[in-house]
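Examination of the molecular architecture
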Amino acid sequence: MKIGFIGLGVMGKNMAENILENGYELNVYDVVEELVEQFARKGASVCKSPSEVASKSDVIMTSLPNSQIVKNVILGKNGVLQGAKSDAIIIDLSSITPKTIQYIAKEAEKSGVEVVDAPVSGGSIGAKNGTLTIMAGGKKEVVDSVSDILKSIGKTIYYVGSVGSGDTVKLVNNLLLGANMAAVSEALVLGIKAGMDPDILFQVISKSSGNSYALTSKYEKFIKERNFNPGFMVDLQYKDLQLAIDTAKDLKIPLVIGNLTQQLYEMARSEGMGKEDISALVKVYEKWL
Ligand code: NAD
């Protein structure tokens, strides 16, 4: 089977490498030429546009920054749909709004092209090791037909429902991650200001009801070490909170914690921490100590 891969950034590069290593023929495209050239040296076929990728591939995978770019790359001029074979399958691995991928799927259906939204969790390390969690939405039989490809980039693959469901689960997950990280930052700084040793706070809370993934994954390796290299970037967390906020607005659902949380990440961005790990939020609180 021939696979196309568009978007060879932090996540895409690693996922595309795993696809190559699993023996698939690979056609690649990115707007950054250097990224594409690296793949030429690894045996992938280099393409000049998303439509060229699609014309040479049975399955086209995209890992792109945001909803608008995914829409342009698939539906726009020289986009995937212009070159796609009539029975092609598009798998979008980006984190975007459910509404966007559902619109793309409707447009693609007119040309007989199926769409699966399969956002991922596990960061660049999970992408490198092929251990990502993948939440896939689309027609069940279509998702089943690409399960071997998904297994080449992820370890735990969930079928979560019709197209858009993957992005919905992802934005709910990342709303929780963002809010939990903000709560961990606020609570730790309170405990320290009140005179506690942060290690004691961590030891007790990581075995108590206040525990969370944000605490266990971010305390020792990031906050304690004062190492704020991502990890998961503040800018991406901010974007994912926006996905939740936009979706909540469409559904007329109040998102009190989500909106407040996004403001905290906005403060981190205004302090120049956009490219740092989300645990850098603790530094925003420390300034108020
Ligand atoms: P990235 O910015 O590193 O990579 C995106 C790539 O897309 C870049 O190489 C860029 O050059 C390319 N690109 C941009 N516009 C393009 C276009 N028009 N045509 C072709 N290529 C184009 O981002 P990333 O961290 O790899 O994230 C990709 C997606 O995965 C995002 O939606 C992100 O939210 C999601 N995600 C990221 C992480 C993470 O930890 N980085 C984790 C889970 C999910």
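Computed from a predicted structure; not experimentally measured.

To continue, consider unusual backbone geometry. A cis amide bond, omega 5°, links proline 230 with the succeeding residue glycine 231. In this structure, glycine 231 sits in the loop between α12 (213–224) and α13 (234–250). Its identity as a non-glycine residue notwithstanding, asparagine 78 has a phi of 55°, on the positive side. The topology assignment puts asparagine 78 in the loop between α4 (67–75) and α5 (80–83). Relative accessible area serves as the criterion here: at 38%, asparagine 78 is assigned to the partly exposed category. Its identity as a non-glycine residue notwithstanding, lysine 252 has a phi of 55°, on the positive side. On the secondary structure map, lysine 252 appears in the loop between α13 and α14 (256–270).

Moving on to the site of the ligand. Surveying the vicinity of the ligand reveals 24 residues, the closest of which are Val10, Met11, Asp30, Leu64 and Lys239. Methionine 11 places a main-chain nitrogen or oxygen 2.8 Å from an oxygen atom of the ligand. One nitrogen or oxygen atom from the side chain of aspartate 30 is found 2.6 Å from an oxygen atom belonging to the ligand. Alone, the ligand offers 830 Å² of accessible surface; in the complex the protein occludes 84% of this. Sorting the residues of the shell around the ligand by element identifies α1 (10–21), α4 and α13 as the ones contributing at least two each. For the shell around the ligand, the residue count by class is 15 nonpolar, six polar and three charged. Residue assignment places the shell around the ligand across two domains, with domain 1 (2–162) and domain 2 (168–288) each supplying three or more.

As a further point, take the pairing of strand β2 (residues 25–29). Burial runs high along β2: four of the five residues are buried. With five bridges joining them, strand β1 (residues 2–6) and β2 adopt parallel strand pairing. The partner of lysine 2 across the bridge, within β2, is glutamate 25. In this region the chain leaves β1, passes through α1 and returns to the parallel neighbour β2; the handedness of that crossover is right-handed.

The full count for this structure, using the stated rule, is 18 salt bridges. Across the pair glutamate 107 and lysine 110 runs a salt bridge, and its minimum N-O distance is 3.0 Å. The network of salt bridges with common partners includes Asp235, Glu266, Arg269 and Lys275.

Before going further, it helps to spend a moment on the environment of asparagine 174. Positionally, asparagine 174 belongs in helix α10 (residues 165–193). When its relative accessible area of 3% is taken as the criterion, asparagine 174 is described as buried. Sequence separation of asparagine 174 and lysine 239 is 65 residues, and the distance between their C-alpha atoms is 9.9 Å. Aside from chain neighbours lying at most four places away, what touches asparagine 174 is Phe232, Gln237 and Asp240. Within the structure, asparagine 174 has its side chain in polar contact with the side chain of asparagine 173 (distance 2.9 Å).

Another aspect to go through is the domain arrangement of the protein. It is common to report an interface's size as the accessible area lost on association of the parts. The domain architecture assigned to the protein consists of domain 1 (2–162) and domain 2 (168–288). One C-alpha centre belongs to domain 1, the other to domain 2; they are set 29 Å apart. Together, the buried faces of domain 1 and domain 2 total about 910 Å²; carbon and sulfur atoms form 61% of this surface. The largest contributions to the domain 1 side of the interface with domain 2 come from Ser95, Pro98 and Met135, which together make up 43% of the buried area. On the surface where domain 1 and domain 2 come into contact, there are one salt bridge. One salt bridge in this structure joins lysine 99 and aspartate 250, with 3.2 Å as the shortest N-O distance.

About the criteria used
Residues numbered from 1 in each chain as written. Predicted model: local features only at pLDDT ≥ 70, side-chain atom pairs only at ≥ 80, totals over all residues. Heavy atoms only, no water. Helix = DSSP H or I, 4+ residues; strand = E, 2+ residues; numbered from the N terminus. Buried < 20%, exposed > 50% of the residue type's maximum accessible area, 1.4 Å probe, protein only. Near = heavy atom within 4 Å. Polar contact = N/O pair within 3.5 Å; in protein donor to acceptor, adjacent residues only side chain to side chain. Areas by Shrake-Rupley, 256 points an atom, 1.4 Å probe, with all protein chains shown as cover. Nonpolar A, V, L, I, M, F, W, Y, C, P; charged D, E, K, R; others polar. Domains from an automatic or database assignment. Pairing = 2+ DSSP bridges. Right-handed = clockwise from strand over helix to strand, strands pointing away. Salt bridge = Lys/Arg side-chain N within 4 Å of Asp/Glu carboxyl O. Contact = heavy atoms within 4.5 Å. Buried area = accessible area lost by both parts, 1.4 Å probe.

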